Each structure stands twice: as structure tokens, then as C-alpha cells.
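# A look at the structure
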Amino acid sequence: MASGIGGLGLDTNGPFKGILDIWHEHRPSILFAITCTLVVVWLYIELLQKTSTTANVSDLDQQLTKIIPRSNGIAPQEKIDLPKEKAKEVTTGPRRIKGELRRVDNTRKDIEPSRKSPIQILVFYSSLTGSTEKTAGGIAENLGTLLRERANNSGKSFLSPVVLDLAQIDYDEYFISAPKPTDQDIPVDYFYLLLVPSYNIDSINDNYLEHMSETHHDFRIDTAPLSGILGYSVFGLGDREGWPTEDEGFCFQAKEVDKWMARLTGRKRAYPLGMADTKRDLRERLDEWADGVKDILEHVARTGSLGEGVPGSGDAIESDEEYGSGDDDDGEVVIDPSLTTSKAKKGNAANIEDVEDLGRIMKASQNKPEKSINPTPIAVDFTTYNKPKSRKPPVTIKEMVPKNSPTYASLTKQGYTIVGSHSGVKICRWTKSALRGRGSCYKFSFYGIASHQCMETTPSLSCSNKCVFCWRHGTNPVGTTWRWVVDPPETIFDGVKAGHYQKIKMLRGIPGVRAERFAEAMRIRHCALSLVGEPIFYPHINEFLAMLHGERISSFLVCNAQHPDQLAALKAVTQLYVSIDASNKESLRKIDRPLHRDFWERFQRCLEILREKRNKQRTVFRLTLVKGFNVEDEVEGYADLIEKGLPCFVEIKGVTYCGTSSSAGAGLSMANVPFYAEVTEFVTALDKKLRERGLKYGIAAEHAHSCCVLIASERFRVDGKWHTRIDYQRFFELLEERGADGDWTPEEYMGPETPEWATWGNGGFDPRDVRVDRKGRKIEA
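Residues numbered from 1 in each chain as written. Predicted model: local features only at pLDDT ≥ 70, side-chain atom pairs only at ≥ 80, totals over all residues. Heavy atoms only, no water.

### Re the overall build of the protein
Put simply, the test is: Strands are runs of DSSP state E lasting at least 2 residues, helices are runs of H or I lasting at least 4, and numbering of each runs from the N terminus. Think of it in three bands: residues with accessible area under 20% of the maximum for their type are buried, residues over 50% are exposed, and the middle band is partly exposed, with areas taken using a 1.4 Å probe on protein chains only. By definition in these notes, contact holds between two residues if any of their heavy atoms fall within 4.5 Å. Residue exposure ignores everything except the shown protein chains as possible cover, and the areas themselves are Shrake-Rupley values with a 1.4 Å probe.
A tally of helices and strands in the protein yields 21 helices and 19 strands. Out of the 781 residues in the protein, the part that is buried amounts to 45%. For the protein, the share of sequence-separated contacts (at least 6 apart) that also reach a separation of at least 24 residues comes to 76%. When the accessible surface of the protein is totalled, it reaches about 42,300 Å², and 53% of it is carbon and sulfur.

What follows is the structure, encoded as C-alpha cells:
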């Protein structure tokens, strides 16, 4: 019978069957022959192209030989006169160094913008209340509309302005060099606009100014790293009720930003600093400034320069103060004539006209022993007179979170009780859950901490990171150094306890609260120093810890691995955590957004310190997994960090999404929250890597409800059973016997066996409690 092949109706008994048999029998040989043929054809074509190119070059060389004749077979040589160096004069005696004020190098070549490149306007702003954000958005919208209309006349295109929050961006991407365009093949010229309100409280402005100062004084960075941008302009927003005049501080932070931008850009100030009183003339002054900026941008689009007198288009006609150090002495020495001796007035000492005259007077005074018993000191005034004296606002040490600040209002709205000027306390949701018998947090499953007896607090609301997953949405202060008023530890200790108890009392009316647990909650047993900010940033952290331990309150302290000196000086804590949010430098920069430039070196040093402390106290690595940031392909890197620090425990926890606009701006959404199955898969892979390296770790416990798993060192496995819990009574006994600097090991206060329900594979939910859904309905096991 005939059968159709491939639906074409070909007869398999005909000649086509013979072709198929030949193909199946000799297929490798046929494919090899075809490949060889194609390679030979390709080589032949390449050879033809090279032969053609060689012939063209030969013809061109013959034509050039005819055009440029040689004389006597010798090529003409160009005679170059080199300047002769002047012979150095041989001098005797000390070298004479002539000092002078440092001047701007006007010969420095500025990067000329291409007239064909599109112009991208970046509008930077800082805001605590949101008003400046709205103003920046309005400016960007108006500029974008107007410049698009006028772009056809100038012949240069404008991209849509981009609005950037100084609290969210990475400064290194915008203020160490010009940003890199999205499309590397299309160069873009950048123009900076900065809207800066001035605050008399701690804000992101302080950190931004500190960053610009460090950039300018960093010897590794060019003195004008932003000279590649087209230009910049700053607009300041202030309040004359608090600061009536500029000398008294009106828009003082905007003026500082303008000064530092002038230095970083090579003085490419495109339009003068604008200033406005937000309560009186904001709209009028802002419109004037915006119109001037528009005119400048049109001028740049037409000519490619900022205009006469501005670097990039001519000599800079500006004060040297922005380039020289404004506080340098000019070397002038003035003698107060009223304090010289009477003989000097009579002519024994001539008028002082140079520094040598000062030496002559001193020598003359040494030759008169009768006058040297109580010699009159020579008054030398090194004051610089060539600059007018300007009144600067008085330097005062500010409070971190003043009661009348937007930061205070924002944090209290989130449920904080602010203690003093830089501390806070807040009730955890697991405290409420434990009071109602609906489960405790993972710390109870792992370490035996009763959530309803745990106080969550911090002695420092300030942090040196701006993590994308921060619970406080960036509303807490940030900084790299402590520059605020320091509250005494006694005030903080009494204040946080009072605040915690007050909040516990407010929960007694909640339906379902168990009376016995409410009574237990009125006795604090544990303190989690992990609320927000950086606890070890507080200068008196050891004294605060001593007060906790004095009342037999255990301490669980979490730090972000950015303060190695403070970590090394830290005394005994019940359990010491370090947040390990990434396994490599770039991931850490992206997810933690640290303020320190040497953040990776600080991070590594903290791991070394934790390794040194592992034999004296319980140490923990806390890994917060954020899908799309630090999960994919980073297991190997995390294993490297664990091998370096050798912590007692490793907590792996999925990130909790806060659902705020600021988190969305940082690139975080629900898509970044891993499922528990993904967390367990990561933990299994990490455990495998650790075992491959010969490190003695194992998966000890889990708390699925918190999306958290615990990997523990084999040091805490006795007779095949995990002992991850803590004997708190024994810890305080050791502390009293040997002191905070005493020598003991974590095994000495190792607690009882980890309950079976908390171990790996059993979920980790306390069977004594009742698990419910969001609507309070019981969830069956």
C-alpha cells in the first residue's frame, strides 16, 4: 500500500524511499561534506576581499607618491626648536618658599556638550512634609511642556524632566560624576535643578551636604567631578519668621548646596540662587527663577554654552572663594603699636614693614637682659582683612527628633512613643497576638522568648542605611556620625519602660486578651533592640545594656554591620545580631543603600569582629530575602560570608512588604516578597553549600507563620537533639559572677531542648495557641 509522507501523498515504494534510505545511511557524511563546502566558500570570499583591499591601498600609495615628490631621495625633515632649560642657580642657605593664594586654573578644559545630544533635566528635591515634592513636580511639568514647544526653534531636543528625591537616590550615581545614559549609543547632556528647603532639625539635607563636602575633599576624586554637566541652579525655600535675614540663617542650607555645587561642577552656575519665603512670596519668586532657568536652557540649546563669564564659554568672572579655602590666612602680620615698648616708639625699632622686622625686634629684645624679666608679649594679629565679615547662624547641637518636627509627627502616627530626643518604643504585632493566644513570633520557637513579655525599642532612631525594605519608609533620621544632643541612658531606660507599659495597658480592652498573659506582660523579661535605626550608634549603649541586665531583662541587639568600632567596643549581650542583606558589594549597595562610602570594608570588618566574639556570646547572621535583589544566584556568596564570620546561628527570613509609595519608589512591591516554599528552597541550598565546605551547620528550626528558618551550628546539637533555646537565668548568673567583660562561652547558658513542634519540618507554631486568619476565623491544622 502507498502511504502519504508528511501529508504530501508521496509513495514510499517509489524513488523517494531510496533517497530516504541513502539519507539515513550516510547522514553524518553528507552533513560533514556540506559543512566543509560552506567553510571553503567563506574562506574564498574572505580571500577575495583582502586581495581587493590590498590592491586599493597599493593604488592609493602610488597616487600619494606622485603628489608628494622626494628631493634627492631624502624626506624633508621638520625643524623643531625646543626651549632650552634655564640653568638652575646654585644657592646657599635655606630655601625661600614664596606662598600665594591658590587661584583657579582657567586653562582647564571643560567638557563641551554636543549640540546634537538631547538635554535631560534632573530636578532634585528634599522634603519632610511633601510640599517641596509637589513644587518640584510642578516645575518639572511646566519646564517639560514649555521646552518641548520651543525645541523646534533651537534645533536641540529636550527629554522629559525627571524628578528625584534626595532621600531615595544613591548620591554616587549623580554627584560623583554625570549620570550614565540609559542608551549608551545616544549621549545625553544633563542639567541639574535643586529645590532645597532649609530645616533647623536633622534631615536628609545634612547628609547630602556632608556627602558633597567629602566628595570635594576626597583626593581620589577630581576636584570638579561634575564639570561634564551643562550647568545647575539651586532654589531655596525658607521661613522668615524663624530666620528674618540671610545672615541669621534664611535658606542657609540652599546656600550651602549652591556653594558645593559650584565647586563640584567647576562653577557652572547657570542661574543665580533663588530664595523664597514659603509663607509670603513663594509663587512670585519661584516663577521668576523658573523663567530665568527657561531662558538659560534655550540659550544652551541654541549655542551649546551657558554664556559669557561662565566656565565652558569664557573666563569665569566670579569670586575665588568657591575654589580657594575661604578660611585660609593671607599671611599678613600686623603689630599692635599700643602694646610695643616705649623705646620702640622712640626709634630703636623701625616701622614694621615685613616679617623680617618682627625677627629684628625679637633679636633686639634678647640683647636687653634688663628688660627681659617680664617681657611684654608681642601681639601678632593674623586676622584676614581682605574679606568682609559675615554673620553665620550660631552653631547649636540639634535634637535628632524635636517634638515640633515632621519626623516626630510621622513616627508617632506610626505608633511610636518618642522618648527624649532620639529614642523610641513600639508594640510589636506579635505582642498583641500573644496576648490573645494567637501565636508568638519566631523568637519564641527558636529561643524561648515570650512575645507578650518582650519590649521592642531603640536608643537611636537614626540609621546609616536607607534600606529598600525599611519598615519606617525612610521617615527616621539618617547619618554617618552622631551629631545630635545625647540623652542620658537613665532617661531612655525609664522612658521606654513607661512607654511600653502604657501601650500594654491600652490593649486590655481588646477582645480575646487572656488575663493571665496580660498579667505576665506587665513584667518585661526581654528587650529586642531592633525596632528601627542603629542601636550601637548611641554613645552610651553599654550603660543602657547594663541597666537592662540589672533588672534581668535579656538583650537581643541587631546592628547593620556599618559601625565596626562601636561593635568591637560592645560589651556582653544575650544575643548579638548582624544584618546580612546581600552577599556582594553591588547587591548590598542596591538593597541597603548605605551612606558610608567604605560600606563594604565596614561590612567585612564587622564580620571579622563577630567571628572574634563567637566564643564569648551567641552571634547570629540575619538574612532578609528580597526576591529580585538578593536571592537569585547568591547562595555561594552567602556561604562565603558564613565561612568568614562563623556565627552560632543563621536566620533566613522573607521580607515583609510595607505597601508604601516610598517602597515603590525604591523598586519594592509584593512581587519581591518570596513565598515560604522559596525561602525553604533557599535554606536547603545554603545548608548543602555549607556542608560541602565542611562547615558544621544544620537546619534546626522553623516558623512558617513568620516565613523564617533557623540554621544552627552543631555546637548546639547534643545527643542528636537541637538546643537553640537560652537559659536566661544562667546568663544573668554568669553576668553577675564574671561581669560584662567576663570570659564565658555560649554553651554555658545553652537552654533546654528545642520543642519538637518548633524543629525543622513541623511548622513551628505553638500548639497551645490558636491560629486564625485575618478575619479572626480559626485555621485548622
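### Overview of the state of the cysteines
Short version of the rule: A pair of cysteine sulfur atoms is labelled a disulfide when the two atoms are within 2.5 Å.
Scanning the entire structure with this criterion turns up zero disulfides. With no disulfide partner, Cys-463 has as its closest neighbouring cysteine sulfur the one in Cys-467, 6.0 Å distant.

### Re the confidence of the model for the protein
What counts here: Each residue carries a pLDDT score, the predictor's own confidence in it, on a scale running from 0 to 100.
Residues with a pLDDT of 70 or more make up 74% of the protein, whose mean pLDDT is 79. Residue range residues 1-10 is modelled with pLDDT below 50. Its contacts to residues more than four positions away, or to other chains, number 12 contacts. Taken as a whole, residues 64-88 scores under 50 in pLDDT and shows zero contacts with residues more than four places along the chain or in a different chain.

### Points about the pattern of salt bridges
Note the threshold: One side-chain nitrogen of Lys or Arg within 4 Å of one carboxyl oxygen of Asp or Glu is enough to make a salt bridge.
This structure, assessed with the given rule, holds 37 salt bridges. One salt bridge connects Asp-258 with Arg-269, and the closest N-O pair in it is separated by 3.1 Å. A residue pair is termed long-range when its members are at least 10 positions apart, and Asp-258 in helix H5 (residues 252-264) and Arg-269 in the loop between H5 and strand S5 (274-277) qualify at 11 residues. A single burial state applies to Asp-258 and to Arg-269, both of which are buried. Where Arg-622 meets Glu-651, a salt bridge forms, and the shortest distance between an N and an O atom there is 3.7 Å. Note that Arg-622 is positioned in strand S14 (residues 618-625) and Glu-651 in strand S15 (residues 649-654), a separation of 29 residues in sequence. Connected through salt bridges with shared partners, the residues Glu-636, Asp-640, Glu-643, Lys-689 and Arg-693 form a single ionic network.

### Points about the packing of aromatic side chains
The following threshold applies: Side-chain rings of Phe, Tyr and Trp (the six-membered ring for Trp) are treated as a pair once their centres are within 6.5 Å; stacked means planes under 30 degrees apart, edge-to-face means over 60, and tilted covers the remaining angles.
This model, assessed by the stated rule, comprises 24 aromatic pairs. Look at Tyr-171 and Phe-175: their rings are 6.5 Å apart centre to centre, the planes differ by 70 degrees, and that puts the pair in the edge-to-face class. Here Tyr-171 and its partner Phe-175 are both found in helix H3 (residues 171-175), four residues apart, which amounts to about one turn of the helix. Phe-175 matches Tyr-171 in its accessibility class, with the two residues each being buried. Considering the side-chain rings of Tyr-447 and Phe-649, the 6.0 Å spacing of their centres and the 70 degrees angle between planes classify their relative orientation as edge-to-face. Within this pair, whereas Tyr-447 is found in helix H11 (residues 442-447), its partner Phe-649 is found in strand S15, the two being separated by 202 residues in sequence.

### A few points about H5
Short version of the rule: To estimate the expected span of a helix, subtract one from its residue number and multiply by 1.5 Å.
Counted at 1.5 Å a residue, the expected span for H5 with its 13 residues is 18 Å, and the 19 Å between its end C-alpha atoms agrees. Of all the positions in H5, only Gln-253, Ala-254, Val-257, Asp-258, Trp-260, Met-261, Ala-262, Arg-263 and Leu-264 are classed as buried. Looking at the packing, one finds that the buried side of H5 touches H3, strand S3 (189-197), helix H4 (204-217) and strand S4 (231-238). In the stretch just after H5, Gly-266 is the one whose phi turns positive, near 75 degrees.

### Considering the packing of helix H16 (residues 585-592) against helix H17 (residues 599-613)
Operational definition: A fitted line through C-alpha atoms represents every axis, and for helices the fit uses only the stretch in contact; the resulting angles, taken between N-to-C directions, go from 0 to 180 degrees. When describing relative orientation, an angle under 35 degrees is termed roughly parallel and one over 145 degrees roughly antiparallel, while 65 to 115 degrees is termed roughly perpendicular and anything else oblique. Residues were grouped as follows: Ala, Val, Leu, Ile, Met, Phe, Trp, Tyr, Cys and Pro as nonpolar; Asp, Glu, Lys and Arg as charged; and all remaining residues, including Gly, as polar.
It is at 10 Å that the axes of H16 and H17 come closest, and there the two elements cross at 105 degrees. Judged on the interaxial angle alone, H17 and H16 are roughly perpendicular. Judged by residue contacts, Lys-585, Leu-588 and Arg-589 of H16 engage Phe-599, Trp-600 and Phe-603 from H17. Grouping the amino acids of the contact of H16 with H17 by side-chain chemistry returns four nonpolar, no polar and two charged.

### Things to note about the pairing of strand S17 (residues 708-713)
Most of S17 sits out of view: six of its six residues are buried. Burial along S17 is two-sided: Cys-708, Leu-710 and Ala-712 and Val-709, Ile-711 and Ser-713, pointing in opposite directions, are all buried.

### Details of the nonpolar core
What counts, and what does not: Only buried residues count toward a nonpolar core, which is a set of Ala, Val, Leu, Ile, Met, Phe, Trp, Tyr and Cys residues joined through side-chain atoms within 4.5 Å.
Among the nonpolar cores identified, the biggest contains 78 residues, and Ile-652 and Leu-686 are the most heavily contacted of them. For this core, the element with the highest residue contribution is H17, accounting for seven residues.

### Some thoughts on a nonpolar patch on the surface
Applied cut-off: Think of a patch as exposed residues, more than 30% relative accessible area, with no salt bridge, where like charges cluster within 9 Å and nonpolar side chains (Val, Leu, Ile, Met, Phe, Trp, Tyr) cluster within 5 Å.
Taken together, the side chains of Val-41, Tyr-44, Ile-45 and Leu-48 define a hydrophobic patch exposed on the protein surface, amounting to about 390 Å² of accessible area. Secondary-structure assignment places Tyr-44 in helix H1 (residues 15-67). Taking relative accessible area as the criterion, Tyr-44 reaches 53% and is therefore assigned exposed.

### Things to note about the side chain of Ser-423
Our working rule: Identification of polar contacts relies on pairs of N or O atoms within 3.5 Å, with a donor-acceptor requirement for protein atoms, meaning one able to donate a hydrogen and the other able to accept it, and with residues adjacent in sequence counted only if both atoms are side-chain atoms.
Here Ser-423 shows up in strand S9 (residues 423-426). Judged by relative accessible area, which is 0%, Ser-423 ranks as buried. A polar atom in the side chain of Ser-423 sits 3.3 Å from the side chain of His-422. Engagement of the side chain of Ser-423 in a polar contact is seen with the backbone oxygen of Pro-459, the distance being 3.2 Å. Residues contacting Ser-423, with those up to four places away along its chain left out, are Thr-417, Ile-418, Thr-458, Pro-459, Leu-461 and Ile-492.

### Some points on the sheet that holds strand S8 (residues 417-419)
Strands belonging to one sheet form pairs held by backbone hydrogen bonds; the direction of such a pair is parallel or antiparallel. Basically, it comes down to this: DSSP-based pairing: two strands are paired if at least 2 bridges between them are found.
Here 10 strands make up an open sheet; going across it, the order is S8-S9-S10-S11-S12-S13-S14-S15-S17-S16 and the pairing mixed. Two strands lie at the open edges of the sheet, namely S8 and strand S16 (697-703), each paired on one side alone. When strand polarity is set aside, the average angle formed by the axes of neighbouring strands in this sheet is 25 degrees. Pairing of strand S12 (residues 554-559) with strand S13 (residues 575-579) involves four bridges; the strand directions are parallel. Looking at the pairing, Leu-557 lines up with Leu-576 of S13. Where H17 meets the sheet, it contacts S13 and S14, and its direction lies at approximately 145 degrees from that of S14.

### Some remarks on the sheet that holds strand S1 (residues 119-125)
Spatially, five strands are ordered S2-S1-S3-S4-S5 in an open sheet, and the strand pairing comes out parallel. Strand pairing shows two members of the sheet lacking a second neighbour, strand S2 (162-165) and S5, which therefore form its edges. With strand direction ignored, the average angle separating the axes of adjacent strands in the sheet is 20 degrees. Examined bridge by bridge, S1 and S3 share seven bridges and lie parallel to one another. The residue bridging Gln-120 from the neighbouring strand is Tyr-190, located in S3. Against the sheet, helix H6 (residues 282-303) engages S1, S3, S4 and S5, with an angle of about 180 degrees to S4.

### Focus: the environment of Ala-569
Tracing the backbone shows Ala-569 in helix H15 (residues 564-569). Sequence separation between Ala-569 and Ile-536 is 33 residues, and the spatial gap between their C-alpha atoms is 9.5 Å.

### Quick notes on helix H20 (residues 676-692)
Every α-helix winds through 3.6 residues per turn, so residues three or four apart in the chain are directed the same way. Definition in use: The arc in question is formed by the directions pointing from the helix axis toward the C-beta atoms.
When the terminal C-alpha atoms of H20 are compared, their 24 Å separation across 17 residues agrees well with the 24 Å that a helix rising 1.5 Å per residue should span. Every buried residue belonging to H20 is among Val-679, Thr-680, Phe-682, Val-683, Leu-686, Asp-687 and Leu-690, and all of these are buried. Projected down its long axis, H20 carries its buried residues within an arc of 160 degrees, all on one side. Away from the buried face of H20 by more than 90 degrees, exposed residues Ala-677, Glu-681, Lys-688 and Glu-692 are located.

### Description of the environment of Val-257
One can find Val-257 in helix H5. Owing to a relative accessible area of 1%, Val-257 belongs among the buried residues under this scheme. Through-space distance from the C-alpha of Val-257 to that of Leu-194 is 8.5 Å; in sequence the pair is 63 residues apart. Beyond its immediate sequence surroundings of up to four residues, Val-257 is in contact with Leu-194, Val-196, Tyr-208, Leu-209, Met-212 and Val-234.

### A look at the packing of helix H18 (residues 635-645) against H20
The test is simple: Left-handed describes a crossing whose near helix is turned anticlockwise from the far helix through less than a right angle; right-handed describes the clockwise counterpart.
It is at 9 Å that the axes of H18 and H20 come closest, and there the two elements cross at 55 degrees. With respect to H20, the axis of H18 lies oblique. The two elements H18 and H20 meet at a crossing, and its hand is right-handed. Of the residues in H20, those in contact with Val-635, Glu-636, Tyr-638, Ala-639 and Ile-642 of H18 are Phe-682, Ala-685, Leu-686, Lys-689 and Leu-690.

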